[in-house]
2 protein chains.
Amino acid sequence: MSLYERFRRRDRRALARLITHIENRKNGYRRLLAAMATTPGHAHRIGITGPPGAGKSTLVDQIVAAYAEEGNEVGVIAIDPSSPFTGGALLGDRIRMSQLINRKNVFIRSMASRGKSGGLAAATRDTITAFAAFGMDLIIVETVGIGQIELDIIDVCDTVVVVLVPESGDIIQTMKAGLMEIADIFCVNKIDREGAERLIVILDHLIHERLAPDGRAFPVVGTSGLSGEGIETLIERIAEHRQYITETGKFAQRRRRQLRSEIMDNVKERIARHLERQVEISDELDRMVNELAEGMIDPYRAADRIYDQYFHGRLTSG
Amino acid sequence: MSLYERFRRRDRRALARLITHIENRKNGYRRLLAAMATTPGHAHRIGITGPPGAGKSTLVDQIVAAYAEEGNEVGVIAIDPSSPFTGGALLGDRIRMSQLINRKNVFIRSMASRGKSGGLAAATRDTITAFAAFGMDLIIVETVGIGQIELDIIDVCDTVVVVLVPESGDIIQTMKAGLMEIADIFCVNKIDREGAERLIVILDHLIHERLAPDGRAFPVVGTSGLSGEGIETLIERIAEHRQYITETGKFAQRRRRQLRSEIMDNVKERIARHLERQVEISDELDRMVNELAEGMIDPYRAADRIYDQYFHGRLTSG
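Since this is a predicted model, take the numbers as computed values, not measurements.

S.K.: Mind showing me how you'd approach the packing of helix H10 (residues 250-280) of chain A against helix H11 (residues 284-293) of chain B here?
M.R.: Between H10 of chain A and H11 of chain B, whose axes approach to 9 Å, the crossing angle comes to 115 degrees. For the pair H10 of chain A and H11 of chain B, the sense of crossing is right-handed. Across the interface between the two elements, Arg-255, Arg-256, Leu-259, Arg-260 and Ile-263 of chain A from H10 of chain A touch Leu-285, Met-288, Val-289, Leu-292 and Ala-293 of chain B from H11 of chain B. Here the residues of the contact of H10 of chain A with H11 of chain B are counted per class, giving 7 nonpolar, no polar and 3 charged.

S.K.: I would appreciate a short explanation of the environment of Thr-143 of chain A in the present structure.
M.R.: Following the sequence through the fold, Thr-143 of chain A ends up in strand S4 (residues 138-144). Along the sequence, Thr-143 of chain A and Thr-49 of chain A sit 94 residues apart, while their C-alpha atoms lie 5.1 Å from each other.

S.K.: I tried to follow the packing of H10 of chain A against helix H10 (residues 250-280) of chain B on my own but got confused; where do I start?
M.R.: Closest axis-to-axis distance for the H10 of chain A/H10 of chain B pair is 10 Å, and the angle between their directions is 140 degrees. When the axis of H10 of chain A is compared with that of H10 of chain B, the two are oblique. In this structure, H10 of chain A crosses over H10 of chain B, and the sense of that crossing is right-handed. Of H10 of chain B, the residues touching H10 of chain A (which contributes Val-267, Lys-268, Ile-271, Ala-272 and Leu-275 of chain A) are Val-267, Lys-268, Ile-271, Ala-272 and Leu-275 of chain B. Classifying every residue of the contact of H10 of chain A with H10 of chain B by side-chain character gives 8 nonpolar, no polar and 2 charged.

S.K.: Is there a simple way to think about the environment of Ile-128 of chain B in this case?
M.R.: Residues and elements named next belong to chain B. Along the polypeptide, Ile-128 turns up in helix H6 (residues 119-134). Separated by 51 residues in the primary sequence, Ile-128 and Ile-77 have C-alpha atoms spaced 8.2 Å apart. Residues in contact with Ile-128, not counting those within four places in the same chain, are Arg-45, Ile-139 and Val-156.

S.K.: I would appreciate a short explanation of the pairing of strand S5 (residues 159-164) of chain A in the present structure.
M.R.: Consecutive residues of a regular strand have side chains that alternate between opposite faces of the sheet. Residues and elements named next belong to chain A. S5 sits mainly inside the fold: 6 of its 6 residues count as buried. Of the two faces of S5, both are covered, the one formed by Thr-159, Val-161 and Val-163 as well as the one formed by Val-160, Val-162 and Leu-164. Sheet topology places strand S1 (residues 44-50) next to S5; 4 bridges connect them, and they run parallel. Across the sheet, the residue bridging to Gly-47 is Val-160, located in S5. As judged from the 4 bridges shared by S5 and strand S6 (residues 185-188), these two strands associate in the parallel manner. What sits directly across from Val-161, in S6, is Ile-185.

What counts as what
Residues numbered from 1 in each chain as written. Chains lettered and ligands numbered in written order. Predicted model: local features only at pLDDT ≥ 70, side-chain atom pairs only at ≥ 80, totals over all residues. Axes fitted to C-alpha atoms, helices over the stretch in contact; angles between N-to-C directions. Helix = DSSP H or I, 4+ residues; strand = E, 2+ residues; numbered from the N terminus. Left-handed = near helix turned anticlockwise from the far one by under 90°. Contact = placed C-beta atoms within 7 Å. Nonpolar A, V, L, I, M, F, W, Y, C, P; charged D, E, K, R; others polar. Parallel < 35°, antiparallel > 145°, perpendicular 65-115°, else oblique. Buried ≥ 20, exposed ≤ 12 C-beta atoms within 10 Å, placed from the backbone. Pairing = 2+ DSSP bridges.

This is the structure we're talking about:
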């Protein structure tokens, strides 16, 4: 029986191996993805994001455990921060997830935030495709930071939960606008800490000051990842959000927008790859760098020269 | 007298207007940049980065004031965090810089982190080009975060100072590798706070655990942006770093690497622009999105179709 057949029969080890196969761009990965894409599944894709130290991991543990207990199949994608240069992930507290890993209906995949062929966004999207085709009920994408990694979480999720803690005051100040655009639901975690009530008031204020484009207010939920307080409410809000976007047609719209940007990213990546390959085998770029360093040319003219050499007259309107 | 002539005669208002002209991609901006690029100047480009709340702004104020007092001309580029969607900058404490603005030999330029035509990196690079051609002695680029915005500070600076505070423990854990690769100098700010000594010890430890590729250790400097303690030492270390990279040839290497990535970014941007334009006037992308949504095609195949339609057979090895 082929790996893919075993995958279709819901063999978790086959799932793991196929994801790795795709991630490493091994022979036939494209055929595999194509096959998986024909089974889009029904999974609700939930993004959990927020600043470091907000307790996202513990919260994800709680949410996943609750979903699993209700008999759901859950796929988790945990994106680790990593060096912008080495691509090495600092696994940190990934081990804590061992209790979840032992559950039969939870599947966890960690990934480093850089150094993936095709980039983090592609790796995340492909894993979501595999999870969805596998028949997961829920896919949770946990990412550190907002705008801290090269992935726009709303480009891959249906519902985005932004997790903050009473100490997040600074972040709210600097990221205010971004938070409002990204969050479908705000979660104030470590609700037992001083300042939690104040943060909820601030968020409520922000929400009313600047409603979502359609006038809907985002819910703010207080939780404690440690005690489990508020988790049930958070899960209810997530389900309500799914229902809301489905009924209003926003769900389909969002997915279409995501597919559009996925295709365009893929095309741009292909072109960039083509360009790097061409430039590598010529000495034109070195020549341009020299002229630029000597002030004989400006950077835009240098780019024009490269562009003209490889693309000019070769691009038409199709 | 033309604006550019006034710029050449070191008229600050001409400088301001030309930067705006270039930023807005107004008629003739390319010619302007080309002219400026022929005068690369001698400015030392210093990046100051670190997490929100590290006191970077106050520190920059102190450093700039010290440089200015010695008779240097200083250009400051302050990059504000902003919404990833609206492109609106939250100016926050930019006003505090008013005391600097009044100095004759300090020129400050704020910019939002998104929504620039050509991107933040291009806007920053162009402003650096203008500052350098204007004859600045020092150019300071202040950015929030590390990897939080779409600009790699080491792609535009000769010397990068990473500012941390005793509370930055979390960030050091998650960003360890990235910090080591990015920082030429570590600055522990708010040195009077509890935990500062411990942070210095940790950084010293990290530095010795993982030396720079050439075996040189990064200096760690303790400062207080408020009292001004340590500022003089920091400035000395910055000068030493410049001397070090100049003597070892790393300065020229670094600038060449920067020019290379600048050219390639420009070419990629041009191609992406061309692509978006072509795709907009056709309905091929919509068709692909539909097929993808229905599971009739996979995202890579969809990208291939777009790529083939616009680029296939039109790209050669030049």
